[in-house]
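# Architecture at a glance
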Amino acid sequence: RAFFSQIIDPDKQEMLKWPYHWLDFASMYYASTMEKSLKEKSPFPWEVGLSKDKIAADRELPVEASPHRAINGVDHLILLYTHIVGFPLAVTTN
């Protein structure tokens, strides 16, 4: 949230109902979309929206499964993360 708080006032974020618990992912999407928007003249991230379902729709990925459950949200976030960031999450064991 600290990243976006430097750009958009926290009160404005609350008004927009931005989900603070996953804004790190949203910042990755924001950065990658800005680059794409400038190169391809496609919509800017604030035009698309920062909900996971809007991000999914923008990238032609499925929305989160219903009904909402914690594991559905996690699975959906992992799907979006691997697509947006471009590499899978690494799982390490010791």
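Rules used throughout
- Residues numbered from 1 in each chain as written.
- Predicted model: local features only at pLDDT ≥ 70, side-chain atom pairs only at ≥ 80, totals over all residues.
- Heavy atoms only, no water.
- Helix = DSSP H or I, 4+ residues; strand = E, 2+ residues; numbered from the N terminus.
- Expected span 1.5 Å × (residues − 1).
- Salt bridge = Lys/Arg side-chain N within 4 Å of Asp/Glu carboxyl O.
- Buried < 20%, exposed > 50% of the residue type's maximum accessible area, 1.4 Å probe, protein only.
- Phe/Tyr/Trp six-rings, centres within 6.5 Å; stacked < 30°, edge-to-face > 60°.
- Patch = residues over 30% accessible without salt bridge, like charges linked within 9 Å, V, L, I, M, F, W, Y side chains within 5 Å.
- Areas by Shrake-Rupley, 256 points an atom, 1.4 Å probe, with all protein chains shown as cover.
- Core = buried A, V, L, I, M, F, W, Y, C linked by side-chain atoms within 4.5 Å.
- pLDDT = per-residue confidence, 0-100.

## Brief notes about helix H6 (residues 70–85)
- Along its 16 residues, H6 runs 22 Å from first to last C-alpha, staying within 8% of the 22 Å computed at 1.5 Å per residue.
- A positive backbone phi angle near 95° is found at glycine 86, which sits one or two residues after H6.

## Focus on the pattern of salt bridges
- Within this structure, the stated rule accounts for 3 salt bridges.
- The partner of glutamate 64 in a salt bridge is lysine 52, with the nearest N and O atoms 2.9 Å apart. Of this pair, glutamate 64 sits in the loop between helix H5 (52–58) and H6 while lysine 52 is found in helix H5, placing the two residues 12 residues apart along the sequence.
- Since its relative accessible area comes to 14%, glutamate 64 is described here as buried.

## A few points about the packing of aromatic side chains
- With the rule as written, the count across this model stands at 2 aromatic pairs.
- With a centroid separation of 6.3 Å and an interplanar angle of 45°, the aromatic rings of tyrosine 30 and tryptophan 46 are classed as tilted. Placement of the pair is tyrosine 30 in helix H3 (residues 23–40) and tryptophan 46 in helix H4 (residues 45–48), with a sequence separation of 16 residues.
- Ring centres 4.9 Å apart and planes at 0° place the aromatic pair phenylalanine 44 and tryptophan 46 in the stacked group.
- Three or more aromatic residues link up through ring pairs in this structure, and these residues are Tyr30, Phe44 and Trp46.

## Describing a nonpolar patch on the surface
- A cluster of nonpolar side chains, contributed by Ile71, Val74 and Ile78, occupies part of the molecular surface with about 240 Å² of accessible area.
- Tracing the backbone shows valine 74 in helix H6.
- Judged by relative accessible area, which is 41%, valine 74 ranks as partly exposed.

## Quick notes on the environment of leucine 50
- Relative to the helices and strands, leucine 50 is located in the loop between H4 and H5.
- Leucine 50 sits in the buried class, given a relative accessible area of 7%.
- Between the C-alpha atom of leucine 50 and that of tyrosine 30, which follows or precedes it by 20 residues, the distance is 8.1 Å.

## Regarding the nonpolar core
- Core analysis: the largest hydrophobic core is formed by 12 residues, namely Trp18, Phe25, Tyr29, Tyr30, Val48, Leu50, Ile55, Ala56, Leu61, Leu80, Tyr81 and Ile84.
- Of all the elements in the fold, those that place two or more residues in this core are H3, H5 and H6.

## Some details on the confidence of the model for the protein
- Confidence along the protein averages 79 in pLDDT terms, with 80% of residues attaining 70 or more.
- By mean pLDDT, the top-scoring element of the protein is H5 (90), and the lowest-scoring one is helix H1 (residues 2–5) (64).

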